[in-house]
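So the chains spell out like this:
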Amino acid sequence: MDKKKIIIAIDGHSSTGKSTVAKQLARALGYIYVDTGAMYRAISLYAMRLGLIDESHFDEIALEGELPKININFRINNESGLAEVLLNGENVEREIRTLAVSKFVSKVAAVSSVRRKLVEQQQEMGKDRGIVMDGRDIGTVVFPDAELKLFMTATAKDRAERRFIELTERGDNVTYEDVLKNVVNRDHIDSTRKDSPLQKAEDAIKIDNSNLTLSEQFNQILKLAQSTIN
């Protein structure tokens, strides 16, 4: 008899390592992994390229008009085995992870028409279950009936330090102060937006990983998933 397949929804603040643990979990369970944050990042990059958003302005109406032209897909990288993001057929995986995109992604994600477009895609991806999806509103909006919901958090300082190390190791020229400012700003926008604000679902399990190693966090979450499946 086949094991039942479930939906695992992982929400939480930016730079809490949601994507890292979600990838690990999907691999361990043989599930599909979907990084919804990458989808919002891809639309943010599209808006930046067209000059629809910068430090001084954001033309939400123009972006809404462009949405039918935007096609976002995931493709497996044969070398890494991980899914990479395609924006209208172009691999933008590296470009969407920059601090430049991070500055605007929360503003773009707050636009209702953007959220509607991507939530519909995300729900379609999970119709057969057997999926791990991370983001800001997965357990509250995208899959309120998910069998396992997690809400990940950590102090802003801890998250900024991790993100700073990640970006500098990649070769990005950033300062810790800019990364910390970005983390704090994103928290504010994500938590106060009118449409689907970041909040812990009532039945979500809170994971504060401020003082957890990656392996400790993964083992804790894997046990939760296995007990839910069984």
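Okay, so let's go over this structure. (Residues numbered from 1 in each chain as written. Predicted model: local features only at pLDDT ≥ 70, side-chain atom pairs only at ≥ 80, totals over all residues. Heavy atoms only, no water.)

## As for the overall build of the protein chain
Inclusion rule: Only DSSP runs of H or I covering at least 4 residues are called helices, and only runs of E covering at least 2 are called strands; the numbering of each starts at the N terminus. Here the Shrake-Rupley method, with its probe set to 1.4 Å, supplies the accessible areas, and only the displayed protein chains count as covering residues. Charge counting follows a simple rule: Lys and Arg are positive, Asp and Glu are negative, and His as well as the terminal groups are ignored. By convention, the charge on Lys lies at NZ, on Arg at CZ, on Asp at CG and on Glu at CD.
Secondary structure assignment for the protein chain yields nine helices and eight strands. Projected onto the principal axes, the alpha-carbon positions of the protein chain cover approximately 55 × 40 × 35 Å. Looking at the protein chain as shown, the accessible area adds up to about 11400 Å², and 49% of this sits on carbon and sulfur atoms. The protein chain carries 33 positive and 35 negative side-chain charges, and their two centres are separated by 2 Å.

## Topic: the sheet that holds strand 1 (residues 7-12)
The test is simple: In this description, strands pair whenever DSSP reports at least two bridges between them. Lines fitted to C-alpha atoms define the axes, with helix axes restricted to the stretch in contact, and inter-axis angles between N-to-C directions lie between 0 and 180 degrees.
Here five strands make up an open sheet; going across it, the order is 2-6-1-7-8 and the pairing parallel. Because the sheet does not close on itself, it has two edges, and the strands there are strand 2 (32-35) and strand 8 (205-208). Neighbour-to-neighbour, the strand axes of the sheet open up by a mean angle of 20 degrees, direction not taken into account. The pairing of strand 1 with strand 7 (residues 148-153) spans five bridges and is parallel. When the sheet's bridge partners are listed, Ile-8 is paired in strand 7 with Leu-148.

## Focus on the packing of aromatic side chains
For clarity, the threshold we go by: Working definition: rings of Phe, Tyr and Trp (its six-membered ring) pair if their centres are within 6.5 Å, and the pair is stacked with planes under 30 degrees apart, edge-to-face with planes over 60 apart, and tilted otherwise. Here the term buried applies to any residue with accessible area under 20% of the maximum for its type, exposed to any over 50%, and partly exposed to those in between, with areas from a 1.4 Å probe on protein chains only.
The final tally for this structure, using the stated rule, is one aromatic pair. On the numbers, 6.2 Å between centres and 85 degrees between planes, the contact of Phe-164 with Tyr-176 is edge-to-face. Linking Phe-164 in helix 7 (residues 156-170) with Tyr-176 in helix 8 (residues 176-192), this pair joins segments that are 12 residues apart in sequence. What makes Tyr-176 partly exposed here is its relative accessible area of 22%.

## What to know about helix 1 (residues 18-29)
Going by this rule: A helix is expected to reach a length of 1.5 Å times the quantity of its residues less one. When we speak of the arc, we mean the arc of directions from the helix axis to the C-beta atoms.
The terminal C-alpha atoms of helix 1, which comprises 12 residues, lie 16 Å apart, in line with the 16 Å expected from a rise of 1.5 Å per residue. Buried residues of helix 1: Lys-18, Val-21, Ala-22, Leu-25 and Ala-26, and no others. One side of helix 1 holds all its buried residues, which, seen down the axis, span an arc of 135 degrees. The first or second residue beyond helix 1 is Gly-30, which carries a positive phi of 75 degrees.

## Looking at the pattern of salt bridges
This is how the line gets drawn: Within this document, salt bridges are pairs made up of a side-chain nitrogen of Lys or Arg and a carboxyl oxygen of Asp or Glu, the two lying within 4 Å of each other.
All told, the structure shown has 18 salt bridges when counted by the stated rule. A salt bridge links Asp-35 to Arg-97, with the shortest nitrogen-to-oxygen separation between them at 2.9 Å. Within this pair, whereas Asp-35 is found in strand 2, its partner Arg-97 is found in the loop between strand 5 (90-91) and helix 4 (99-109), the two being separated by 62 residues in sequence. Note that Glu-166 is salt-bridged to Arg-163, the shortest N-O span being 3.1 Å.

## Let's talk about the environment of Leu-25
We count it as follows: Contacts: residue pairs with any heavy atoms within 4.5 Å of one another.
In this structure, Leu-25 sits in helix 1. Apart from residues lying up to four places away in sequence, Leu-25 is in contact with Ile-8, Val-132, Phe-218, Ile-221, Leu-222 and Ala-225.

## Let's talk about the nonpolar core
Nonpolar side chains tend to gather and get buried jointly when the protein is soluble and globular. Rules: Nonpolar core, defined: a set of buried Ala, Val, Leu, Ile, Met, Phe, Trp, Tyr and Cys residues in which side-chain atoms within 4.5 Å join the residues together.
Counting 36 residues, the largest nonpolar core has Ile-43, Leu-63, Ile-70, Ile-72, Leu-87 and Val-114 as its most contacted members. Sorting the residues of this core by element identifies strand 1, helix 2 (36-49), strand 4 (83-87), helix 4, helix 5 (112-125), strand 6 (131-135) and helix 6 (138-142) as the ones contributing at least two each. Examining the composition of this core, we find that eight residues originate from one element, helix 2, more than from any other. When neighbours within four sequence positions are excluded, Ile-43 is seen to be in contact with Leu-63, Leu-67, Ile-70, Ile-72, Val-108, Val-114 and Leu-118.

## Here's the deal with the pairing of strand 4
Where burial is concerned, most of strand 4 is hidden: four out of the five residues are buried. Taking the residues between adjacent antiparallel strands as the criterion, strand 3 (residues 72-76) and strand 4 are bridged by six residues, where Gly-81 takes a positive phi near 80 degrees. As paired elements, strand 4 and strand 5 share two bridges and run antiparallel to each other. Within strand 5, the residue paired with Leu-86 across the bridge is Asn-91. Counting the residues that bridge the hairpin from strand 4 to strand 5 gives two residues, and of these Asn-88 lies at a positive phi of roughly 50 degrees.

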